[in-house]
Amino acid sequence: MSQKILDKLDKIEDEAQSVIQEVKNLDDLEKQRIENLGRKSELVKILRSIKDVDPDKRDDIGKKANYVKNKLEETIQTQRKKLVELKLEKEIDEDWIDVTVPPKKLNIGHLHPITQMQQLTENIFTRMGFDIEYPYEIDSEFHNFDAVNIPKNHPARDMWDTFWIEGDNVAITHTSSMQHRIIKSKETPIRTIIPGKCFRNEATDARHEHTFYQVEGIYVDRGITMNNMLGTLKAFFDEFFGQNTNILFTPDFFPFVEPGGMVSIDCSNLSEGFKKVSKGTGWLEVLGCGMIHPKVLEMAGKDPEVYSGFAWGVGLERLIMLKYDIDDIRLFHSGDLRFIRQF
Ligand code: PHE
């Protein structure tokens, strides 16, 4: 009788071992566990019946039965580990991402070329020690004109075709509208740029728009000269265009500077489309500038006997036109995506 049980245990072990090692997935493994080690399994039945076996055989059978139980548990454990690993490997295999596949093109927008170039300009002047202020787009007649030495009824006002707004306000015709505030409110040395939108009530053409961007610059300190101005502007242009830039200073009149002038850029080595804009002269006027008029300094509370300074106002679109060979300023505000998407 007891030999029969021992043989049976051997048989259980042999059969279970080979079946368990062949199991292909965790569900089947669990079934095998229940079949071989569960409450209704042969093995558990034997273990339960040990108490009925002859006392002198009980020890052998008990040991053997427990040995088989441990062995099978061990095999199930090993097999489970193997299956879990296989499952993981399979998941990794199926889930892998090919990082070299080019991404789907998302149709997200980007900054307008004017914004991009305004940021470049801010970046260059910030590195030169300038701070940044922004103008009011609608400002008082006083700040746009009187405070920069263009009194009421002065013919110089005709230089700016102005959009007048109720209550003696204007859509600013230039960023010089901030000169008075800046010079008045800041301690010397004053180094500020003012990028912003300006408006002129005039007919448009390839070089003129009713709405455009200027970047004003103001530098006030003791002993500032025209040389400082030209050096500063040249350094800026060289950086902005990423190459050596030839500039031409020609005298001109602005009521808030003395002497005043225009700076033009030599386009011959910059761009082809430019020649069209420059009317074939090879030079494009990009900014007005000059030494700040003593009256402007005085009105803003800085003694012109002690301080001097320079100011400029550059047309941002014109610089971008040169940099990217754009032949019509009206494209910037056209909202034409074929244009915008090129930047
Ligand atoms: N505000 C002038 C314009 O818009 C440009 C300028 C600025 C000229 C500063 C001289 C000094 O035409």
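Residues numbered from 1 in each chain as written. Predicted model: local features only at pLDDT ≥ 70, side-chain atom pairs only at ≥ 80, totals over all residues. Heavy atoms only, no water.

Visitor: Quick question: what am I supposed to make of the sheet that holds strand β2 (residues 138–140) here?
Guide: The pairing of strands in a sheet comes from backbone hydrogen bonds and takes either a parallel or an antiparallel form. Strand order in the open sheet made by the 3 strands is β2-β4-β3, with antiparallel pairing throughout. Each edge of the open sheet carries a strand with a single partner, namely β2 and β3 (163–165). The sheet shows a mean angle of 35 degrees between the axes of neighbouring strands, taken without regard to direction. In the sheet, β3 pairs with strand β4 (residues 169–171) via 3 bridges, with the strands oriented antiparallel. In the strand pairing of β4, Trp 164 is matched with Val 170. (Pairing = 2+ DSSP bridges. Helix = DSSP H or I, 4+ residues; strand = E, 2+ residues; numbered from the N terminus. Axes fitted to C-alpha atoms, helices over the stretch in contact; angles between N-to-C directions.)

Visitor: Hey, could you run me through the sheet that holds strand β5 (residues 190–199) in this one?
Guide: Spatially, β1-β5-β6-β10-β9-β8-β7 is the arrangement adopted by the 7 strands of the open sheet, whose pairing is mixed. Edge positions in the open sheet fall to β1 (131–132) and β7 (247–252), since each of these has one partner strand only. Here 6 bridges tie β7 to strand β8 (residues 257–266), and the two strands are oriented antiparallel to one another. Of the residues in β8, the one forming a bridge with Pro 251 is Gly 261. The sheet strands contacting helix α5 (residues 113–127) are β1, β5, β6 (211–221) and β10 (308–315), and the helix crosses β5 at an angle near 165 degrees. Strand contacts of helix α8 (residues 226–241): β7, β8, β9 (283–292) and β10, with the helix running at about 145 degrees to β9, the strand carrying the most contacts. (Contact = heavy atoms within 4.5 Å.)

Visitor: Please explain a positive patch on the surface as it appears in this structure.
Guide: On the surface, Arg 39, Lys 40, Arg 48 and Lys 51 cluster together to form a positively charged patch. Mapping Arg 39 onto the fold places it in the loop between α2 (26–37) and α3 (42–49). (Patch = residues over 30% accessible without salt bridge, like charges linked within 9 Å, V, L, I, M, F, W, Y side chains within 5 Å. Areas by Shrake-Rupley, 256 points an atom, 1.4 Å probe, with all protein chains shown as cover. Salt bridge = Lys/Arg side-chain N within 4 Å of Asp/Glu carboxyl O. Lys, Arg positive; Asp, Glu negative; His and termini not counted. Charge placed at Lys NZ, Arg CZ, Asp CG, Glu CD.)

Visitor: Would you explain the pattern of salt bridges in this entry?
Guide: Proximity of charged atoms lets side chains of opposite charge pair with each other. One pass over the structure, following the stated rule, counts 19 salt bridges. Between Asp 59 and Lys 63 there is a salt bridge, and its shortest N-O distance comes to 3.8 Å. In this pair, Asp 59 and Lys 63 both sit in helix α4 (residues 55–95), 4 residues apart, roughly one turn of the helix. Asp 59 gets classed as partly exposed once you look at its relative accessible area, which sits at 49%. (Buried < 20%, exposed > 50% of the residue type's maximum accessible area, 1.4 Å probe, protein only.)

Visitor: Whenever I open this one, the side chain of Ser 177 confuses me. Can you help?
Guide: Tracing the backbone through its elements, the reader meets Ser 177 in the loop between β4 and α7 (179–185). Accessibility expressed as a relative area gives 0% for Ser 177, which makes it buried. Within the structure, the side chain of Ser 177 is placed 3.3 Å from the backbone oxygen of His 174, a separation counted as a polar contact. Ser 177 has contacts with Pro 135, Asp 139, His 143, Asn 144 and Ile 172, leaving out every residue within four places of it along the chain. (Polar contact = N/O pair within 3.5 Å; in protein donor to acceptor, adjacent residues only side chain to side chain.)

Visitor: Help me understand the packing of aromatic side chains, please; the structure alone is not making it clear to me.
Guide: Where two aromatic rings form a pair, the distance of their centres and the angle of their planes describe that pair. For the structure on display, the rule yields 18 aromatic pairs. Look at Phe 236 and Phe 240: their rings are 5.6 Å apart centre to centre, the planes differ by 50 degrees, and that puts the pair in the tilted class. With a gap of 4 residues between them, Phe 236 and Phe 240 both fall in helix α8, about one helical turn apart. Across the pair, Phe 240 and Phe 236 agree in class, each one buried. Taken together, Phe 125, Phe 130, Tyr 219, Phe 236, Phe 237, Phe 240, Phe 241, Phe 310 and Trp 312 form an aromatic cluster joined through their ring pairs. The cationic tip of Lys 323 hangs over the ring face of Phe 240; the distance from NZ or CZ to the ring centre is 5.5 Å. (Phe/Tyr/Trp six-rings, centres within 6.5 Å; stacked < 30°, edge-to-face > 60°. Lys NZ or Arg CZ within 6 Å of the ring centre and 35° of its normal.)

Visitor: Is there a simple way to explain the domain arrangement of the protein chain in this structure?
Guide: It is common to give the size of an interface as the accessible area that goes away when the parts come together. By domain assignment, the protein chain separates into domain 1 (2–94) and domain 2 (113–340). Here domain 1 and domain 2 have C-alpha centroids that lie 90 Å from each other. (Domains from an automatic or database assignment.)

Visitor: Is there a simple way to think about helix α11 (residues 316–324) in this case?
Guide: Three or four residues apart is the spacing at which side chains of an α-helix point the same way, because the helix has 3.6 residues per turn. Counting buried positions along α11 yields 7 of 9 residues, so the element is predominantly enclosed. Of the positions making up α11, those classed as buried are Leu 316, Glu 317, Arg 318, Leu 319, Ile 320, Met 321 and Leu 322. Immediately downstream of α11, the backbone of Asp 325 shows phi near 60 degrees, a positive value.

Visitor: Can you walk me through the environment of Arg 341 in this structure?
Guide: Along the chain, Arg 341 falls in the segment after α12 (337–340). Sequence separation between Arg 341 and Leu 111 is 230 residues, and the spatial gap between their C-alpha atoms is 9.8 Å.

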